[in-house]
Amino acid sequence: MLATNHRALAEEKVQLDAVPFELSTVHVALERFWSAMDCSLLQTPDERWRLQFATAIAEIAANVIRYAYANRTRGGRIGFRLRLYQDRVEARFTDRGSYFSVFPREPHSISTDPMELPESGFGLAIAHTALDQLRHHRTAKGTNVWVLEKRF
Amino acid sequence: MDYILEPQSGGGTVVRLDGRLDLVSSAGVKQDLVKAVGDGHRHIVVDLAKVTFIDSSGLGALIGGLKAARLAGGDLRIARPAEQARVIFELTTLDRVLRLYPSVEEALAGY
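Residues numbered from 1 in each chain as written. Chains lettered and ligands numbered in written order. Predicted model: local features only at pLDDT ≥ 70, side-chain atom pairs only at ≥ 80, totals over all residues. Heavy atoms only, no water.

*Asks:* Explain the packing of aromatic side chains here, please?
*Replies:* Within a pair of aromatic rings, the relevant descriptors are the distance that separates the centres and the angle that separates the planes. All names here are of chain A. Tallying each qualifying case throughout the model produces six aromatic pairs over all chains. Judged by centre distance (6.3 Å) and plane angle (25°), the ring pair of Trp-49 and Phe-53 falls under stacked. On the criterion of helical spacing, the pair formed by Trp-49 and Phe-53 is a turn pair, its members being four residues apart in helix H2 (residues 47–67). Here the aromatic residues Phe-33, Trp-34, Trp-49, Phe-53 and Phe-152 are joined through ring pairs into a cluster of three or more. The ring of Tyr-85 has Arg-88 sitting right over it, with the charged end atom 4.0 Å from the ring centre. (Phe/Tyr/Trp six-rings, centres within 6.5 Å; stacked < 30°, edge-to-face > 60°. Helix = DSSP H or I, 4+ residues; strand = E, 2+ residues; numbered from the N terminus. Lys NZ or Arg CZ within 6 Å of the ring centre and 35° of its normal.)

Encoded structure:
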């Protein structure tokens, strides 16, 4: 069920280049957002809840950085926005890169044999597990939009 | 990401990581772990106390190091995961597959 839209209580927006070291920009923006949330709400989620959200954000950020402009030599820009609502937090990534054709996978069970564990390809499943909603769509104008929601 | 290799006189090798283990650093850390195994450090304890953040690529680096160690007849153990590391291990259920040791000493025991 989609969360109803309420007025945002706080917002953080940054633009970043699609390069791995810009993950730091994402982390810094998230820390500012947590500070804004602490000032905006009487009761705030605990550290574990925040780390789950942060982990999901990092996975999607890495995904977008890796793949959005992979077929271009000059890279591109990524928009990152965080919003606080009364009942949830929402993160949004946007890029004008390639069409993203791998849709978020549902969490899958992991092998109990360490030698059979995957070494990659499970980032989206992590994000799925950590969030209440993970959505992706591409606009008519060619913008990829990732929306990450976690409810209180 | 800082990487320090500390061979232990009583057996085993402690690898201390400091920083974020993510898309930026994971390939290098995996390379270092595999090299350590190739250099004869088959019984490894990775101390995550100072690792502030791990993503799936960081987990992949640890898994890659574990596989290299086991193929060489050894093992790789995880010690002192900080809170975010615990979160991602739980999200992936890797905490059911890989034992997370509360201290380096306990992880070294039995090597």
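Structure's up, so let's keep going.
*Asks:* How should I be thinking about the interface of chain A and chain B in this particular structure?
*Replies:* As a measure of interface size, the accessible area lost when the parts come together is often cited. Taken together, the contact pairs 29 residues of chain A with 28 residues of chain B. The interface formed by chain A and chain B includes three salt bridges. As a salt-bridge pair, Glu-90 of chain B and Arg-48 of chain A come within 2.5 Å of each other at their nearest N and O atoms. Along the contact surface separating chain A from chain B lie six residue pairs in polar contact (both at pLDDT 80 or more). Contributing elements (two or more residues each) for the side of chain A that touches chain B: helix H1 (23–40), H2 and helix H3 (123–130) of chain A. (Contact = heavy atoms within 4.5 Å. Salt bridge = Lys/Arg side-chain N within 4 Å of Asp/Glu carboxyl O. Polar contact = N/O pair within 3.5 Å; in protein donor to acceptor, adjacent residues only side chain to side chain.)

*Asks:* Before we go on, may I ask you to explain the sheet that holds strand E1 (residues 2–7) of chain B in this structure?
*Replies:* Two strands in a sheet stick together by hydrogen bonds in their backbones, pointing the same way (parallel) or opposite ways (antiparallel). Residue and element names in this part refer to chain B. Spatially, E1-E2-E3-E4-E5 is the arrangement adopted by the five strands of the open sheet, whose pairing is mixed. The open sheet has two edge strands, E1 and strand E5 (100–101), and neither has a second partner. The pairing of strand E4 (residues 75–79) with E5 spans two bridges and is parallel. Counted as the bridge partner of Ala-79 is Tyr-101 from E5. (Pairing = 2+ DSSP bridges.)

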